[in-house]
Amino acid sequence: MSEDRRDSAMQGAPEPLPHAGGEVEEVKFAEKSFSQGQLVRRRFFRHKGALAGLAVLIFITVLAFSSIGIGSIPGWWDKDFATTGTVVDGGRPTMGWLTWGEHPFGQDTTGRDYFALVMRGTQISLVIAFIVGIGSTIIGTIIGAVAGYYRGWAESLLMRVTDLFIIIPLLVFAAVLGSIASGSGIWALGLVLAAVTWTGLARLVRGEVLSLREREFVSAAQAIGTGNWRIILRHILPNTIGVIIVATTFAIASAILLETSLSFLGFGVQPPDISLGSLISDYQTAFTSRPWLFWFPGLFILAIALSVNFIGDGLRDAFDPRQGKDG
Amino acid sequence: MTAIDNTTEQQPDGGAVLSFTDLDVKFNTEFGRVHAVKGISLEVKPGEVLALVGESGSGKSVTSTSALGLLPRNASIDGQISVAGKRVDEMSGSALRKMRGDDVAMVFQEPMTALNPVLTVRTQMVEALELHGKAFGKEADARAIELLRMVGIPDPERRLFQYPHEFSGGQRQRIVIAMALSCDPTVIIADEPTTALDVTVQAEILDLLRSLKDELNTGILLITHSMGVVADMADRVAVMYKGDLVEQGTVHEVLVNPQHDYTKRLLTAVPRLGARGETPPVESEGPKALEVTDLVVEFHRQGKEPFRAVDHVSLSVSRGEIVGLVGESGSGKSTIARTALGLIPAASGEVAILGEDITKMKRAPLKALRKRVGVVFQDPASSLNPRLPVGDCISEPMDVHDVGDKKSRREKVAELLEAVELPRSVANRYPHELSGGQRQRVSIARALSLDPELLVADEPTSALDVSVQAAVLQMFTALQEEYNFGCLFVSHDLAVVDTLADRVVVLKDGVVIEQGDREQVLRNPQQEYTKRLLMAAPVPHPDEQRERREARHAFLKEVGEKDFGLHIDAETPKSSR
């Protein structure tokens, strides 16, 4: 009996107090091994809103890319977004409750199939959003990590540059740069938008790095002679991954809105490219007479932005269970 | 309201001011139910100190928190809890709030976080008095001053208007105690009240708490993990282990003649001053593992004079020798350790590792030298990268210095895990899956992965439970004999240093007070400060501890200091209970 007890006291993890500091992840069964990634995945898949968001986003993405195809690869929808035709029934949507019809989303003024147009717009909006999300994450992470880890003049310089970017109104800044870059296609536009939206992430990452660099495992790494970049890449950044992923998700959601606003204002995607924003912009005058030309792209913008935000919510709860309700 | 007032006046019957009957607490968590307290019964009588001891996770804090009705919502509670004859488990929100403070008060572990840093002491003390309708306005101020004087805060009229940061740690704990006393509670729950304090301050706070029960007849539930504190304070002791009450009795019964295996083990695990006999001096040749000469470390402050944390310190560690660096918080012991690792720059002086001065060294040779130095830090929760599996943590130094290939690294990791008495399979686990003691073993394994000639250990066991600490220290000694590294062992615990070190250096305010062989410094100290430190360290035996306490009081009187009990003025008599 005493041997048993000794073993369990020495080897077994003590039962932690679940309310103390909210260290919920410590309450576990010694036999099962969970990595932090597994724990996060487990919590994420319990978040119903996030799962619904993920399902909607995947559905929209698959629909947009499979229906009209990518580049020269054809999709299952038989109409092309560029081909004009005769306007049937004033361009009204033919979609019924269960029927699809000839032009499910209707036709525009020149008789182009509006479903194909919306799908094309969704494709481009999604591509730009992901370029912006990933680009701004990379820029923001590098700037935040360097500023937070090295401190001193590097921090002062980088953070003042960040402040400079923040004080200029985003829309004006993006509009000026966007109108310069928009001639060169959507990739250039995406990168330009990424170059003006990294500021929030840079500040977040810097804050995380500032607290992580004081942790003892960083001191331990320094004491054994680990180089600075190895410390940043192997010891610090993996511990900020939660913050980064969550911020990226929200950056993608706001990039969708930023791109649509810019395109709506005429500074974003330029013809012959189409985005959801430019569709709304092109047909804003049709709102009273042919409202479907406004509603369908608007609905897609709403659905994409909402689902990405829900995914971000789920990820944040998964990475930081202390904010959860039933922890 | 009146009904509640009536019950407040009512004297608790049966004598107990705080009692738990068949208390059972479960927590619902993400991973199922955690059974934190498994049906325990306890009683605290007026003027009595009941010590509730146990290691982390034993459920002692959950038990005490339940008496205040402060458990989180995911807790389900069974059994009866009564405070001053009233059932806490049946109380509503407003009755609970009235009971907290009026009948039961709490003294927390960390006095800095228990006080609000942006409010003056006056605001916080008067708030407690006014909320409970004890005194208002000028009268409340006067009462607060009286309370501060009682707990031994000098010049209370002026200091009442100061902020918490203007007081020392010990004084802050006195203020917390004064606030706890403000509504004349019948019972005080002290949750590890001295754990965050230095030994000399701990002794003073314990003196104060002891006088509370004598002068005011307050019942005290003292929660602690330190057997020395129990011996010093308690009338009765209850031992908790994994949510169960395994032993209960008077302090003599439990500490001198323990019945349960767990209690016995706990007591043998407590490191004792003077338990280790004489040891032969360590002989070594060649350059010293670490030689610090005339070291000065300063921290720069904006707009102020730089703060001198280490002031002309010289010490050395030979190979195969453990040097204990002891001192209270703020004495600069960790700063010296970090400077020796090259993490903090030295303002002047020399730090030579294995004969080479690192203060003026370039990067490449410094990296090569660091290969020969290992380090173990204090906090097992933050000293391992939570994103890396344990095996990767241990092999990290080998990766950095490009030692061996993948296979030989893996073999070395397995060998090291065996050396620190952990199963090989731990290599694939993540740090958060391990207990504090296991993590600290992993830290030691990492420190030893390159066969260092010097190991710097900064309080490696102070965050661990005693039984875990004993096992880690034992292992540490065995490893030191096997690998024969020189070790700078930083600790605030004289008993730990006594069981481990060959030589001892005593620091105070960045200055070396005394250094020499362990026997000489700890058995026959020359300096007053060292004597004070030694006298303040409690031992886990009630009679022995009383003798030590009396000897300490006599010594303090000799050097001209007042005693530290409760100060009750003759002119302003305290309302007696």
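### Regarding the packing of aromatic side chains
All names here are of chain A.
Right, on to step 1. Under the criterion given, the structure shown has twelve aromatic pairs over all chains.
Right, on to step 2. Centroid distance Trp-76 to Phe-115: 6.4 Å. Interplanar angle 40°. Geometry classified as tilted. Placement of the pair is Trp-76 in the loop between helix 3 (48-67) and helix 4 (114-150) and Phe-115 in helix 4, with a sequence separation of 39 residues.
Right, on to step 3. Given a relative accessible area of 47%, Trp-76 falls into the partly exposed group.
Right, on to step 4. Assessed through its relative accessible area of 1%, Phe-115 is described here as buried.

### Observations concerning the sheet that holds strand 4 (residues 75-83) of chain B
All names here are of chain B.
Right, on to step 1. An order of 2-1-4-5 is seen for the four strands of this open sheet, with the pairing classed as antiparallel. Sheet topology places strand 2 (32-44) and strand 5 (86-87) at the edges, where each strand pairs with a single neighbour.
Right, on to step 2. Note: strand 1 (residues 18-29) against strand 4, eight bridges, orientation antiparallel. From the neighbouring strand, Leu-18 faces strand 4, where its bridge partner is Val-83.
Right, on to step 3. Along the sheet, helix 2 (residues 60-67) makes contact with strand 1, strand 2 and strand 4, crossing strand 1 at roughly 110°.

### What to know about the pattern of salt bridges
Right, on to step 1. On inspection of all chains with the given rule, the structure shows 51 salt bridges over all chains.
Right, on to step 2. With its nearest N and O atoms 2.9 Å apart, the salt bridge here joins B:Arg210 to B:Asp232. A residue pair is termed long-range when its members are at least 10 positions apart, and B:Arg210 in helix 9 (residues 199-216) and B:Asp232 in helix 10 (residues 227-233) qualify at 22 residues. The pair B:Arg210 / B:Asp232 is uniform in exposure class, with both members buried.
Right, on to step 3. Counted as one network, the salt bridges with shared partners bring together A:Arg230, A:Arg234, B:Asp392, B:Glu396, B:Asp399, B:Asp402 and B:Arg409.

### Details of the domain arrangement of chain B
Right, on to step 1. Domain assignment breaks chain B into domain 1 (2-261) and domain 2 (384-451).
Right, on to step 2. Put simply, the middle of domain 1 of chain B and the middle of domain 2 of chain B, counted by C-alpha atoms, are 41 Å apart.

### With respect to the pairing of strand 4 of chain B
Residues and elements named next belong to chain B.
Right, on to step 1. One ladder, built from two bridges, connects strand 4 with strand 5; its direction is antiparallel. When the sheet's bridge partners are listed, Val-83 is paired in strand 5 with Lys-86.
Right, on to step 2. Hairpin connection, strand 4 to strand 5: the antiparallel pair is bridged by two residues, and Ala-84 has positive phi, about 50°.

### With respect to the packing of helix 8 (residues 169-181) of chain B against helix 9 of chain B
All names here are of chain B.
Right, on to step 1. Contact pair helix 8 / helix 9: the axes reach a minimum separation of 10 Å and the direction vectors enclose 20°. On the basis of their axis angle, the class for helix 8 and helix 9 is roughly parallel. Helix 9 is crossed by helix 8, and the crossing has right-handed handedness. When helix 8 is examined against helix 9, the residues Gly-170, Gln-173, Arg-174, Ile-177 and Leu-181 are found in contact with a partner set consisting of Val-201, Glu-204, Ile-205, Leu-208, Leu-209, Leu-212 and Leu-216.

Procedures and definitions
Residues numbered from 1 in each chain as written. Chains lettered and ligands numbered in written order. Predicted model: local features only at pLDDT ≥ 70, side-chain atom pairs only at ≥ 80, totals over all residues. Heavy atoms only, no water. Phe/Tyr/Trp six-rings, centres within 6.5 Å; stacked < 30°, edge-to-face > 60°. Helix = DSSP H or I, 4+ residues; strand = E, 2+ residues; numbered from the N terminus. Buried < 20%, exposed > 50% of the residue type's maximum accessible area, 1.4 Å probe, protein only. Pairing = 2+ DSSP bridges. Contact = heavy atoms within 4.5 Å. Axes fitted to C-alpha atoms, helices over the stretch in contact; angles between N-to-C directions. Salt bridge = Lys/Arg side-chain N within 4 Å of Asp/Glu carboxyl O. Domains from an automatic or database assignment. Parallel < 35°, antiparallel > 145°, perpendicular 65-115°, else oblique. Left-handed = near helix turned anticlockwise from the far one by under 90°.

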